[in-house]
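This is what each chain is made of:
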Amino acid sequence: MVDVETFIEDARAEIAQEVGDAEAVIALSGGVDSSTAAALAYDAVGDQLTPVYVDTGLMRKGETEQVRETFSYMDSLRVVDARDRFLDALEGVTDPEEKRHAIGEGFIREFETVARDVGADYLVQGTIYPDRIESEGTIKSHHNVGGLPERIDFEGIVEPMRDLYKDEVREVARALGLEEVISERMPFPGPGLAVRILGEVTEEKLTVAREANHVVEEELDEYDPWQALAAVVGKATGVKGDNRVHGWVVAVRSVESRDGMTARAQEIDWETLQRIQSRITGENETVARVLYDVTHKPPATIEYE
Ligand code: XMP
C-alpha cells in the first residue's frame, strides 16, 4: 500500500467514479473489512449506499448492537433480523458443506431482498487480497456475498481494498476513525458461529458458543492473537454437584498468523487457560469440559468446519 491517506483518497475517488449517480449496496458483517469498505463508500457516495447488516443469529456477542451504534450516522443503514429463518434453515443439517451452503443461500436471499428494494446497480465488497487467493484455490466454499452477482445482474462490483492485507486494512480503519472494537477486531468467518459448532446448529449450542467465544476473546486479548475462538465439539461426561452429567465439550483455540493461510497455535500460560476454563464452565451450566487445541495450520484449519 502507498501511504494511508493517499489510499483513502484514491479509494473514495474510485468508488465515486464507478457508482456515479446510481444506487449501491454493501453487506456489513461487523468485521473490520466490510466496516472499512462501508465507511469508505459512504464517504464517497453518501446515502446512495445502503449498508445491509443481516443478523443471522450466528454473530458474536454484542455484534448487532455494535453495528447499529457504529453506523448510526448512516441514514440508509438496514438491519435485517433473520435469526429465526436461519435457525429453521439449519435444522437437521449436519454436513459442514451443506451448512455453509444453507447459510450462504439464506444470506443471499436476505441481501437480495434489500438490493432489489433499493434498486441497487452496484455491489461494494470488502474483499481483501488473501480472500481472492483463497477463492481461486477453492479451499472452502466461501460465504461472503459470493453468489450474489449471479442472482442479480449488478452493473458493477466495487472492491476498493482488493490489494490490501489485513494489517493494512486495520491501518485504513484507524485512519478513518473507526472505533477500536472494530479496527482491532479479530477476523470472524462469514458463516459465523456455525463453523464453530460441530453437527447440527441449535439454539442451545449457539448460546454456549457465543458466550464461550466472548470469554476467549476477552481473556486472550493480551496475547494479541490473529484469532482466538471457542468451538462446541461434542458431549462428554462431567460432574455437577453429586451428579454425573452429559455436558458440552468446548475446544479453545488461539493462533498467530499473517493472512490466515497458515497459522501457529499459541502457547498460553496455565493460569490463563484455567481462568478460561473456570469462566466457561461457570457461566454455562451445560459445559462439562474445556480443551485447548495445540494444532497448527496445516494440518488443522483455523475454524472447526
Ligand atoms: P480456515 O478455517 O480455513 O480459515 O483455516 C482461514 C481464515 O478464513 C476465515 N474463514 C472464513 N471467512 N467466510 C469468510 O469470510 C468463510 O466461509 C470462512 N471460513 C473461514 C477463518 O475465520 C480464518 O480467518
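Everything numeric in this text was worked out from a predicted model, so none of it was measured.

Conventions used here
- Along each chain, the written sequence defines residue order, and numbers are assigned to residues from 1.
- Local features in a predicted model are, by the rule used here, given only for residues with pLDDT of at least 70; side-chain atom pairs are given and counted only at 80 or more, and totals for whole chains, interfaces and linings are based on all residues.
- To obtain the side-chain values, all non-hydrogen atoms of the structure were used and water was disregarded.
- Here the axes come from fitting lines to C-alpha atoms, over the contacting stretch only for helices, and the angles between their N-to-C directions go from 0 to 180 degrees.
- The helix and strand labels rest on DSSP assignments: H or I over at least four residues marks a helix, E over at least two residues marks a strand, and numbering proceeds from the N terminus.
- What sets the label is the angle itself: under 35 degrees gives roughly parallel, over 145 gives roughly antiparallel, 65 to 115 gives roughly perpendicular, and the rest give oblique.
- By definition in these notes, contact holds between two residues if any of their heavy atoms fall within 4.5 Å.
- The working definition used for a salt bridge is a side-chain nitrogen of Lys or Arg within 4 Å of a carboxyl oxygen of Asp or Glu.
- Per-residue accessibility, obtained with a 1.4 Å probe over protein chains only, is compared with the maximum for each type, and a residue is labelled buried under 20%, exposed over 50%, and partly exposed between these values.

Thoughts on the packing of helix α1 (residues 4-19) against helix α8 (residues 166-175)
Taken N-terminus to C-terminus, the directions of α1 and α8 make an angle of 80°; their axes are 10 Å apart at the nearest point. Between α1 and α8, the interaxial angle falls into the category roughly perpendicular. Contacts between α1 and α8 pair V4, E5, F7 and I8 from the former with E171, V172 and A175 from the latter.

Side note on the pattern of salt bridges
Evaluation of the coordinates by the stated rule reveals 25 salt bridges. A salt bridge links D167 to R258; the shortest N-O distance between them is 3.3 Å. With a gap of 91 residues between them, D167 in helix α8 and R258 in the loop between β7 (243-256) and β8 (264-265) connect regions that are remote in the sequence. Classification of D167 as partly exposed rests on a relative accessible area of 40%. A relative accessible area of 47% means that R258 is categorised as partly exposed. The partner of R275 in a salt bridge is E219, with the nearest N and O atoms 2.8 Å apart. One end of the pair, R275, is in helix α11 (residues 270-283); the other, E219, is in helix α10 (residues 203-220), and 56 residues separate them in sequence. For R275, a relative accessible area of 33% puts it in the partly exposed group. Judged by its relative accessible area of 12%, E219 is buried.

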